[in-house]
Amino acid sequence: MGRDLIIGNPPITVDLRRSAGARRLSLRVSRLDGKVTLTMPPRAPEREAVAFLTERESWLRGHLADVTPPVSVIAAGEVLFRGANLPIVAAGGRRARIRDGQLELPEGAGARAVMAVLKAQARDALAAASDRYAAQIGRSYARLTLRDTRSRWGSCSSAGALMYSWRLIMAPPEVLDYVAAHEVAHLDQMNHSPAFWAVVADLMPDYAARREWLRENGELLHRLRFDD
């Protein structure tokens, strides 16, 4: 459990967390929402945290100034889909759907209907990619689930269960394919050893560029908000 610490003027709220694994103080600013977290050893006195933050206040304010605020898809009038902006338009019909290069919303529908369309598209695309790569390595997976995770784009359990962030449908198709290849490779190698990366390379020789895209642009997928 953490607690809030307030420093500076105008004030900055810092989530103070103690971790048994921490050997020193470390500061993190989320590029998604600007949340500031200071992690410190369990027995470090709080005055050290205050001194640490005061010394780095200018650095902290600079990073906070660079944080791009979240964007509502309804306010934006468009949504990222397969790496491109897809216009959102009002239309007749009983359900939201993608047609003729735009996402059509029926009267009264909002951002959650947009999200439902993207999730359905994500499930189809990730299932197809996972099936394809699993067949290539002669493995099978137990199930596939979608979540809205910030800490990872996908995972593979020891029982062969695949999990993906549905927001991958907003990335270019080749990036979505990379994450599927990465997680399916864990069906063969449940680690990140050279043997694991060799499986990934067999499935996708140019995986490095796709991995780099996620590192550089992944936050764009999390900026979009789907609250009605």
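Bear in mind that the values here come from a model prediction, so they are computed numbers and not experimental data.

Student: Got a sec to walk through the pattern of salt bridges? Specific residues and values, please.
Tutor: Opposite charge on two side chains permits them to pair, given that their charged atoms come into close proximity. For the structure shown, the criterion picks out ten salt bridges. Two residues, Asp15 and Lys35, come together in a salt bridge whose shortest N-O distance is 3.6 Å. One end of the pair, Asp15, is in strand β2 (residues 12-18); the other, Lys35, is in the loop between β3 (26-29) and β4 (36-40), with 20 residues separating them in the sequence. Accessibility expressed as a relative area gives 8% for Asp15, which makes it buried. Residue Arg132 is joined to Asp177 by a salt bridge in which the shortest nitrogen-to-oxygen separation is 3.5 Å. Of this pair, Arg132 sits in helix α4 (residues 111-137) while Asp177 sits in helix α5 (residues 173-185), and the two are 45 residues apart along the sequence. With a relative accessible area of 38%, Arg132 lands in the partly exposed category. Residue Asp177 is classed as buried on the basis of its relative accessible area, which comes to 19%. In the salt-bridge network here, residues are joined through shared partners; they are Asp15, Arg17 and Lys35.

Calculation criteria
The residue numbers shown here count from 1 along each chain, following its written sequence. Restriction of local features to residues with pLDDT of at least 70 applies here, the model being predicted, together with a cutoff of 80 or more for giving and counting side-chain atom pairs; totals for whole chains, interfaces and linings are based on all residues. The side-chain numbers reported here are obtained from all heavy atoms of the structure, hydrogens and water having been left aside. A carboxyl oxygen of Asp or Glu within 4 Å of a side-chain nitrogen of Lys or Arg is what we treat as a salt bridge. Numbering of helices and strands starts at the N terminus; helices are DSSP runs of H or I of at least 4 residues and strands are runs of E of at least 2. Accessible area is worked out with a 1.4 Å probe on protein chains only. A residue is then buried under 20% of its type maximum, exposed over 50%, and partly exposed in between.

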